Amino acid sequence: MNRPRGHLVVISTVCLLVFVGAVNLYSALFVWGGGGRASLIWQHGIWIGVGSVLCALLMRYDYRRLQRSSGVWHGVVVGLLVLVLLVGRTIGGNKSWLAIGGFGIQPSEFAKLTTIMMLAAYGAERVVPHGYGLRELWRPLCWLGVPTGLIALQHDAGTTLCMGLLSGSLLLFARVRRYLVLTCLGLSLLGAGIAYRTMLGPAQRARIETFLHPESDPRGRGYHLIQSKVAVGSGGWFGRGFRQGQVNKLRFLPEKHTDFVFPVLAEEWGFLGALCVLGLYFVLLLAGLQTARTARDRFGALLAVGIVCWLFWQIAINIGGVLGLIPLTGIALPFLSYGGSSTLMTFVAMGLLLSVYRRRFLFPES
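If you're wondering where the values come from, they're calculated on a predicted model, not measured in any experiment.

Peer 1: Tell me about the pattern of salt bridges, residues and numbers included.
Peer 2: According to the stated counting rule, one finds five salt bridges in the structure shown. Among the ionic pairs, Glu125 bridges to Arg126, the shortest N-O distance being 3.3 Å. Glu125 gets classed as partly exposed once you look at its relative accessible area, which sits at 48%. Each of Asp62, Arg64 and Arg359 takes part in salt bridges that share partners, so that together they form one network.

Structure below.
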């Protein structure tokens with residue numbers, strides 16, 4: 001009997017990205033003449049170790065059980081998001097963290113996965129051949145709107161944007177009627193304008209204004225984006241070499257271990273190094289879509305597509321922001337950025353993706 005095995009492409013690609021991320025983080029945290037922040041490297045190693053264990057356990061877990069329990073998980077996360085608004089910590093202008101013991105968790109990272117689970121469960125239970133209309137989608141839109149609204153109230157523009165894009169992409173895959181797509185696009189533009197005026201904090205509005213006119217305040221609001229572009233451009237084709245990135249080592253690059261970890265990579269390993277990392281992401285996304293295509297039930301297929309959409313939009317928003325293609329939003333780059341909640345949830349998502357792949361031959365197609 002052939003035993004199901006994990007998707008070797010997914011596992012090997014994730015291992016390569018984790019290795020590249022650890023090496024890049026090590027370089028990002030050390031500056032010339034100032035030593036490094038070894039404690040963050042050790043903490044990142046702990047998150048990777050815990051995440052790997054969770055990934056291995058979930059790979060053996062029957063993902064179909066989540067179809068029934070998705071509502072419970074989603075409710076718990078919504079409760080945590082409310083708790084964040086009441087007693088959460090504010091870091092970098094975002095009130096997104098809950099302090100538990102000596103650690104801080106970010107429930108908005110959990111909300112991405114539970115929203116995908118909820119939408120996938122709904123899409124699996126209610127198949128509409130001619131496409132979903134407003135009558136069928138009002139409930140899932142409410143499930144999406146509650147956590148997204150709570151995250152917006154935390155002034156976390158990056159996660160709010162990612163939640164909207166990944167959910168919209170997943171619903172499009174599940175098939176939505178054309179009139180509803182156009183209506184949602186119009187309402188999204190209107191909502192973005194209202195949110196800019198009423199819900200975004202000064203830090204988030206400054207990021208958008210900086211995106212439009214970074215040269216207007218090069219020593220203030222435009223400093224981060226300008227230094228990011230300088231770091232990426234100074235890498236050239238082959239980069240300056242490991243631990244030789246001047247923009248990073250001379251402390252010109254801010255938040256270099258979280259939001260701006262990609263410019264560190266591009267400066268030290270150049271265009272070709274950055275292209276290799278983007279290639280790894282591309283392979284991982286293709287493997288995820290292949291998993292969705294071979295899934296034996298609709299819930300597994302939608303779950304895999306949702307995870308792929310999540311990774312794609314998170315990568316696009318982070319790299320687009322540091323390159324100046326879209327406004328900076330402060331969102332982690334999967335497997336490369338430092339961050340406990342983000343790292344753990346990315347590994348959990350990979351475990352579920354592998355669970356869908358492993359069970360493609362275990363039960364008849366539905």
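Peer 1: Which residues make up unusual backbone geometry, and what are the values?
Peer 2: Phi is positive for His155, close to 65 degrees, though the residue is something other than glycine. When you line up the elements, His155 lands in the loop between helix H5 (134-153) and helix H6 (157-174). Accessibility expressed as a relative area gives 26% for His155, which makes it partly exposed. In this structure, Arg243 is a non-glycine residue whose phi angle is positive, near 65 degrees. Mapped onto the fold, Arg243 is located in the loop between helix H9 (223-234) and helix H10 (246-249). For Arg243, a relative accessible area of 32% corresponds to the partly exposed category.

Peer 1: Tell me about the side chain of Thr148, and name the residues and values.
Peer 2: Considering the arrangement of structural elements, one finds Thr148 in helix H5. With residues up to four places along the chain from it excluded, the contact list for Thr148 reads Thr160 and Met163.

Peer 1: Can you break down the packing of aromatic side chains residue by residue, with the values?
Peer 2: On inspection of all chains with the given rule, the structure shows eight aromatic pairs. Ring geometry for Tyr63 versus Phe299: centroids 6.2 Å apart, planes at 15 degrees, classification stacked. Linking Tyr63 in the loop between helix H2 (38-59) and helix H3 (65-87) with Phe299 in helix H12 (residues 298-322), this pair joins segments that are 236 residues apart in sequence. Of the two residues examined, Tyr63 and Phe299, each falls in the buried class. Ring plane angle 80 degrees and centroid distance 5.2 Å describe the contact between Trp237 and Phe271, whose orientation is recorded as edge-to-face. Within this pair, whereas Trp237 is found in the loop between H9 and H10, its partner Phe271 is found in helix H11 (residues 261-294), the two being separated by 34 residues in sequence. By relative accessible area, which is 57% here, Trp237 ends up exposed. Following the ring pairs from residue to residue traces out a cluster consisting of Tyr26, Phe242 and Trp269.

Reading the values: rules and limits
- Residues numbered from 1 in each chain as written.
- Predicted model: local features only at pLDDT ≥ 70, side-chain atom pairs only at ≥ 80, totals over all residues.
- Heavy atoms only, no water.
- Salt bridge = Lys/Arg side-chain N within 4 Å of Asp/Glu carboxyl O.
- Buried < 20%, exposed > 50% of the residue type's maximum accessible area, 1.4 Å probe, protein only.
- Helix = DSSP H or I, 4+ residues; strand = E, 2+ residues; numbered from the N terminus.
- Contact = heavy atoms within 4.5 Å.
- Phe/Tyr/Trp six-rings, centres within 6.5 Å; stacked < 30°, edge-to-face > 60°.

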